[in-house]
Amino acid sequence: MDKRSTLLDYLKQIFLGFGITTAILEMMAVLFGDKLMGYSSMFSLGSQGISAATAFQFLGVIVLIVTLRFIFMTDSFIKELTLTARMVLFFIGSFAVTVVFIFIFGWFPVNDPLAWMMFIVSITVKSVVSTIVSSAAEKQENRQLEEALRRIKEGQ
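Residues numbered from 1 in each chain as written. Predicted model: local features only at pLDDT ≥ 70, side-chain atom pairs only at ≥ 80, totals over all residues. Heavy atoms only, no water.

### Quick notes on the environment of alanine 29
Going by this rule: Secondary structure is summarised from DSSP: a helix means a run of H or I of at least four residues, a strand means a run of E of at least two, and numbering begins at the N terminus for each. Throughout, a residue-residue contact means that at least one pair of heavy atoms, one from each residue, lies within 4.5 Å.
In this fold, alanine 29 is placed in helix α1 (residues 7-36). The contacts of alanine 29, once residues within four sequence positions are left out, are Asp34, Phe43, Gly46, Ser47, Gly49 and Ile50.

### Observations concerning the side chain of threonine 54
Stated formally: Only protein chains enter the accessibility calculation, which uses a 1.4 Å probe; a residue is then buried when its area is under 20% of its type maximum, exposed when over 50%, and partly exposed in between.
Locating threonine 54 in the fold gives a position in helix α2 (residues 52-73). Overall, the relative accessible area of 1% leaves threonine 54 in the buried class. Residue contacts for threonine 54: discarding those within four places in its chain leaves Ser41 and Met42.

### What to know about helix α4 (residues 113-155)
For the α-helix, the turn length of 3.6 residues means that residues three or four positions removed from each other point alike. Worth spelling out the cut-off: To estimate the expected span of a helix, count its residues, drop one, and scale the result by 1.5 Å. We call two N or O atoms a polar contact when they sit within 3.5 Å, provided that within protein one can donate a hydrogen and the other can accept it, with sequence-adjacent residues counted only if both atoms are side-chain atoms.
With 43 residues, α4 should cover 63 Å at 1.5 Å per step; its first-to-last C-alpha distance of 62 Å lies within 8% of that length. Listing the buried residues of α4 in full gives Ala115, Trp116, Phe119, Ile123 and Ser127. Contact partners of the buried residues in α4: α3 (83-105). One side-chain oxygen at the N-terminal end of α4 lies 3.0 Å from the backbone nitrogen of leucine 114; it belongs to aspartate 112.

### Observations regarding the pattern of salt bridges
Stated precisely, the cut-off is as follows: By salt bridge we mean one thing: a side-chain nitrogen of Lys or Arg within 4 Å of a carboxyl oxygen of Asp or Glu.
Here the structure, examined in full by the defined rule, presents 3 salt bridges. In this structure, arginine 151 and glutamate 147 form a salt bridge, with 3.7 Å as the shortest nitrogen-oxygen distance. Placement of both arginine 151 and glutamate 147 in helix α4 is noted, with a separation of 4 residues, approximately one turn of the helix. Residue arginine 150 is joined to glutamate 154 by a salt bridge in which the shortest nitrogen-to-oxygen separation is 2.5 Å. You can see arginine 150 and its partner glutamate 154 sitting in helix α4, 4 residues apart, about one turn around the helix. The class of glutamate 154 is exposed, set by a relative accessible area of 54%. Residues participating in the shared-partner salt-bridge network are Glu147, Arg150, Arg151 and Glu154.

This is the structure we're talking about:
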């Protein structure tokens, strides 16, 4: 967590997240768009894809979530919290940002329990996968650093 983040790292995370999100939305539009047209503003174009408005809405969500990640998952602002506390706060913040966008932009009817269940399942799966990938990457980086340290010690 003490690796310094740069503006380029920040932008890379934004556009990586935006690219993945857009690809998933486009696949959903092709597969389910005609069925969801009229039900969700995200699929106003049906199976033809997502609108520019929806793309910019998701870009806004991604920018806010990457900003939350910068705040909670680097030492730039918060230094005293444990990794677990940071992750919990990050996921709560990400969830809250997404819920606000759901209400503002009508991504799905807010009075539909099935839509909320699907949203909660999808965000939970995304969070679990993200945590597993991040943990694996951190463990690999730690192993590489330990190996480098061991080689330095042996060379002395």
